[in-house]
Amino acid sequence: MKEILAELFEDLHIDAVMQNGDPGEFAIFVNGIEVLRRDSNSLPDIEEIEKAVSGATHAVA
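Source: prediction; values computed, not measured.

Enquirer: Help me understand the overall build of the chain in this model?
Expert: Secondary structure summary: the chain contains two helices and two strands in total. Written out in order from the N terminus, the α and β elements of the chain read α-β-β-α. Counting only C-alpha atoms, the chain reaches 30 × 20 × 20 Å along its principal axes. Buried residues in the chain amount to 21% of all 61 residues. Contacts spanning at least 24 positions in sequence make up 34% of the contacts within the chain whose residues lie at least 6 apart. Of the roughly 4,600 Å² that the chain leaves accessible, carbon and sulfur atoms contribute 50%.

Now the structure itself:
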């Protein structure tokens, strides 16, 4: 997960933080709004994460 945080910072200049969730849970929130959710069987790749985060940040900008 640290790689994802680093890529979000490098590619989108977003300083993201990681929080522990329930086992097998993966969710991304932007300004308190969930933009992506997966379970441990279908984790997203960095491109999918960047697309979700970028779309959300443009919507609130």
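Enquirer: Could you clarify how one ought to interpret the pairing of strand S1 (residues 25-30) in this entry?
Expert: Successive residues of a regular strand alternate their side chains across the two faces of the sheet. Because side chains alternate across S1, one face comprises the buried residues Phe26, Ile28 and Val30, and the other comprises Glu25, Ala27 and Phe29, none of which is buried. Here S1 hands over to strand S2 (residues 33-39) after two residues, with Asn31 in that stretch at a positive phi of 55 degrees.

Enquirer: Help me understand the pattern of salt bridges, please; the structure alone is not making it clear to me.
Expert: Pairing is possible between side chains of opposite charge, provided their charged atoms come close. As enumerated under the stated definition, the model contains three salt bridges in all. A salt bridge links Arg37 to Glu25; its shortest N-O distance comes to 3.0 Å. Of this pair, Arg37 sits in strand S2 while Glu25 is found in strand S1, placing the two residues twelve residues apart along the sequence. When its relative accessible area of 39% is taken as the criterion, Arg37 is described as partly exposed.

Enquirer: Looking at this model, I keep getting lost on the nonpolar core. Mind explaining?
Expert: Generally speaking, nonpolar side chains in soluble globular proteins are found buried as a group. With eleven residues, the main nonpolar core is built from Ile4, Leu8, Phe26, Ile28, Val30, Leu36, Ile46, Ile49, Ala52, Val53 and Ala56. Every element with two or more residues in this core is listed here: helix H1 (2-12), S1 and helix H2 (46-60). Looking at this core, the element that brings in the most residues is H2, giving five residues. Ignoring anything within four residues of it in the chain, the contact list for Phe26 reads Met1, Leu36, Arg37, Arg38, Leu43, Pro44 and Ile49.

Enquirer: How should unusual backbone geometry be read in this particular structure?
Expert: One can expect most non-glycine residues to show negative phi and most peptide bonds to be in trans. Although it is not a glycine, His13 adopts a positive phi angle of roughly 60 degrees. Counting through the fold element by element, His13 comes out in the loop between H1 and S1.

The rules behind the values
- Residues numbered from 1 in each chain as written.
- Predicted model: local features only at pLDDT ≥ 70, side-chain atom pairs only at ≥ 80, totals over all residues.
- Heavy atoms only, no water.
- Helix = DSSP H or I, 4+ residues; strand = E, 2+ residues; numbered from the N terminus.
- Buried < 20%, exposed > 50% of the residue type's maximum accessible area, 1.4 Å probe, protein only.
- Contact = heavy atoms within 4.5 Å.
- Areas by Shrake-Rupley, 256 points an atom, 1.4 Å probe, with all protein chains shown as cover.
- Pairing = 2+ DSSP bridges.
- Salt bridge = Lys/Arg side-chain N within 4 Å of Asp/Glu carboxyl O.
- Core = buried A, V, L, I, M, F, W, Y, C linked by side-chain atoms within 4.5 Å.

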